Amino acid sequence: MNKIVVGLSGGVDSSTAAAILHNQGYDVVGLTLWLMKGKGQCCSEGMVDAAYICEQLGISHHIVDMREVFQTHIIDYLVSGYSDGITPLPCSQCNRTVKFSPMLQYAREKLGVDKIATGHYARITHDPTSGRYQLRRAVDRNKDQSYFLYDLTQNVLAGVVFPLGEKLKVETRQIASEYNLKTADKPESQDLCLIESHGSMREFLDKYIAPKKGEIIDAAGKVLGQHDGVHHYTIGQRKGLGIAAAEPLYVIGLDPVMNRVIVGDRTTANQLECTVGRVNWVSILEPNAPIRAQVQVRYRSTAVDVTVVPLAISRVKLVFDEPQFSITPGQAAVWYDGDMVLGGGIIEKPANS
C-alpha cells in the first residue's frame, strides 16, 4: 500500500481527508503539530480530537512539538509587525514555515514517507512542459484556501496531496457523517487560532504590547480624537474609532514612531498601486517583464485586474486597473491566472509612510 502522512488538526476537514485516503487503501499515518497551549483546533482540544480520529480509523498518531517554532515565526512575527504599524497575515507564514515544510521533513526523515496530505481546499496540477507543479483554486470557491498557500515551494507541492480540493464543504460533512467520524458535526473555526485561544486579537496583542495613548489625526494633521495604542488599528478600519464626523472615516495610515492613527474619507483610502515584497512565484518562473493577472489583496476580497511589474528579486509593483480600497501593509497580495496561483507576497508600507 502507498503510505501517506496526514496532518490532523482535530477539525472535520483534516479528519475527512484522512478517512478518504484510508478508505482508498492508503497506509495513513496521522501527524498533529502542537503549536501552543489553550483552546482551539491547533491546541490541546484539537490534539485530543485528532487522537480520537486516529483511534477510530485504526492508524498511528504522531505529535510533534512545534511550540518554539510557532513562537518565533508566528507570535514574535505578529507582535513585531503590529508594533511597526502593519497588519501581518500569520496564516501564509504558518503554512510555509510551521506546517507544510516541517511536516514533509518529518515524514521523509522520521517515517520514510514521501507524501503528506492536509484538509485544505486547494488543488495541485503538474505541467509536463515546464516540469512545475501548479497551485490552483479549490472547486468550492467559498472554501478556497489557495490564497493562504501561495508561499509553498515546488519541493513542498511535489509532496502534498489535497483530498478535498475537488469537493464542496457540504460533501465533506456528508462523507464525515458516512464514516461516523467524531468530528462530523464539529463547528468550524471562524477565527485565527490565536483569537480562538485568547478571545480576540486585541487581548492577544495587549499581552505583548503595552497600550500607549496617542492622537487620531486627519491627513492635514488636525487632531480628531485619542487612541490607546496604534496596534489596535488596521488600514481600512471604520468601526471603533470613537470619532463623531459628518461622513464615515477610515484608518488610512499608522505612524508608530509618532504614535498617531491617521484617518480620512473613503476616497483617501483608495490606492492605484502598491509594492509587494517576499514574493514567491509558485506556479510559474519569475517573469522578466510585466504580466497581466487578477489579484486578491485580502482573503475575502474579490480578485481584480492588475498589471504585475517585476522590480527586483522577490519584489513586484502591482498597478490596479481601478483604485482599490484598504491596501493593507503586512497582508498578502496573491495573483492568479484564472484558477491558477501565479505568485504572491507581502504588501509593503508606502515609502512615505
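Counting restarts for each chain: residues are numbered from 1 in the order of the written sequence. Owing to the predicted nature of the model, reporting of local features is limited to residues with pLDDT of at least 70; listing and counting of side-chain atom pairs is limited to 80 or more, with chain, interface and lining totals taken over all residues. Side-chain measures here rest on the full set of heavy atoms in the structure, leaving out hydrogens and waters.

**Q** I tried to follow the overall build of the protein chain on my own but got confused; where do I start?
**A** The helix and strand labels rest on DSSP assignments: H or I over at least four residues marks a helix, E over at least two residues marks a strand, and numbering proceeds from the N terminus. Each helix and strand in the protein chain was counted, giving eight helices and 17 strands. Each radius of gyration is computed over the set of C-alpha atoms, and the globule rule expresses the reference value as 2.2 Å times the number of residues to the power 0.38. Scaling as 2.2 N^0.38, a compact globule of 353 residues should have a C-alpha radius of gyration of about 20 Å, and the protein chain matches this with 21 Å. Each principal axis of the C-alpha atoms in the protein chain carries an extent, and together these give about 70 × 45 × 35 Å. Each residue is placed in one exposure class: buried if its accessible area under a 1.4 Å probe, protein chains only, is under 20% of its type's maximum, exposed if it is over 50%, and partly exposed if it falls in between. When burial is assessed residue by residue, the protein chain has 49% of its 353 residues classed as buried. Of the charged side chains in the protein chain, 36 are positive and 38 negative, and the gap between their average positions amounts to 2 Å. Neither His nor the chain ends is counted toward charge; the positive residues are Lys and Arg and the negative residues Asp and Glu. To locate a charge, the coordinates of NZ of Lys, CZ of Arg, CG of Asp or CD of Glu are taken.

**Q** Would you mind showing me how to read the UniProt feature "site: Interaction with tRNA" (unreviewed entry) in the protein chain here?
**A** UniProt marks H120 and Q331 with the feature "site: Interaction with tRNA" (unreviewed entry), using the numbering shown here. Considering the arrangement of structural elements, one finds H120 in the loop between β4 (116-117) and β5 (122-126). Residue classification places H120 among the buried residues on the basis of a relative accessible area of 14%. Excluding anything up to four places from it in sequence, H120 contacts N95, F100, Q145, L149, F162, L164 and G165. Mapped onto the secondary structure, Q331 falls in the loop between β15 (315-325) and β16 (332-337). Residue Q331 is classed as buried on the basis of its relative accessible area of 8%. Pairs of N or O atoms are called polar contacts if they sit within 3.5 Å, as long as, within protein, a hydrogen donor faces a hydrogen acceptor (for residues adjacent in sequence, only side-chain-to-side-chain pairs). Polar side-chain contacts of Q331 include one of 2.8 Å to the backbone oxygen of T87. UniProt positions are given in the numbering used here, feature names are shortened, and annotations may be inferred rather than shown by experiment. Contact criterion: two residues are considered in contact whenever any of their non-hydrogen atoms come within 4.5 Å of each other.

**Q** Sorry, what's going on with a nonpolar patch on the surface here?
**A** Patch building starts from residues that exceed 30% relative accessible area and form no salt bridge, then joins like charges within 9 Å and nonpolar side chains (Val, Leu, Ile, Met, Phe, Trp, Tyr) within 5 Å. Accessible surface area values rest on a Shrake-Rupley calculation with a 1.4 Å probe, where residue burial reflects the displayed protein chains alone. We count a salt bridge whenever a side-chain nitrogen from Lys or Arg sits within 4 Å of a carboxyl oxygen from Asp or Glu. Where nonpolar side chains cluster on the molecular surface, the patch consists of V139, L168 and V170 and spans about 220 Å² of accessible area. Mapped onto the elements of the fold, V139 is located in the loop between β6 (133-137) and α5 (154-157).

**Q** How should I be thinking about the environment of F320 in this particular structure?
**A** Secondary-structure assignment places F320 in strand β15. Between the alpha carbons of F320 and Q271 there is a distance of 8.3 Å; along the sequence they are 49 residues apart. Apart from the residues lying within four places of it in its own chain, the contact partners of F320 are Q271, L272, E273, C274, V295, V297, V304, D305, V306 and I327.

**Q** What am I meant to see in the pattern of salt bridges here?
**A** Opposite charge on two side chains permits pairing when their charged atoms draw close. Within the structure shown, the criterion is met by 15 salt bridges. K186 is the partner of D49 in a salt bridge, and the nearest nitrogen-oxygen pair spans 2.7 Å. Residue D49 is located in helix α2 (residues 44-57), and its partner K186 is located in the loop between α6 (169-178) and α7 (193-198); the two are separated by 137 residues in the primary sequence. Owing to a relative accessible area of 12%, K186 belongs among the buried residues under this scheme. For R202, the salt bridge is made with D228, and the minimal N-O distance between the two is 2.6 Å. In this pair, R202 is assigned in helix α8 (residues 201-206) and D228 in the loop between β9 (223-227) and β10 (250-255), connecting sequence segments 26 residues apart. Residue classification places R202 among the partly exposed positions, given a relative accessible area of 41%. Assessed through its relative accessible area of 24%, D228 is described here as partly exposed. Through salt bridges with shared partners, one network takes in D13, K143, K169 and E188.

**Q** When you look at the sheet that holds β9 in this model, what are you seeing that I'm missing?
**A** The strands that make up a sheet are held in pairs by hydrogen bonds between backbone atoms, and each pair lies either parallel or antiparallel. Pairing between strands requires that DSSP locate at least two bridges from one strand to the other. The four strands lie next to each other as β9-β8-β11-β10, forming an open sheet whose pairing is mixed. Either end of the sheet is taken by a strand with one partner, and the two such strands are β9 and β10. Pairwise comparison of adjacent strand axes, ignoring direction, gives a mean angle of 30° for this sheet. Bridge analysis of strand β8 (residues 214-218) against β9 gives four bridges, and the strand direction is antiparallel. Its bridge partner lying in β9, I217 is registered against V223. Fitted lines through C-alpha atoms give the axes, limited to the stretch in contact for helices. The angle between two N-to-C directions lies from 0 to 180 degrees.

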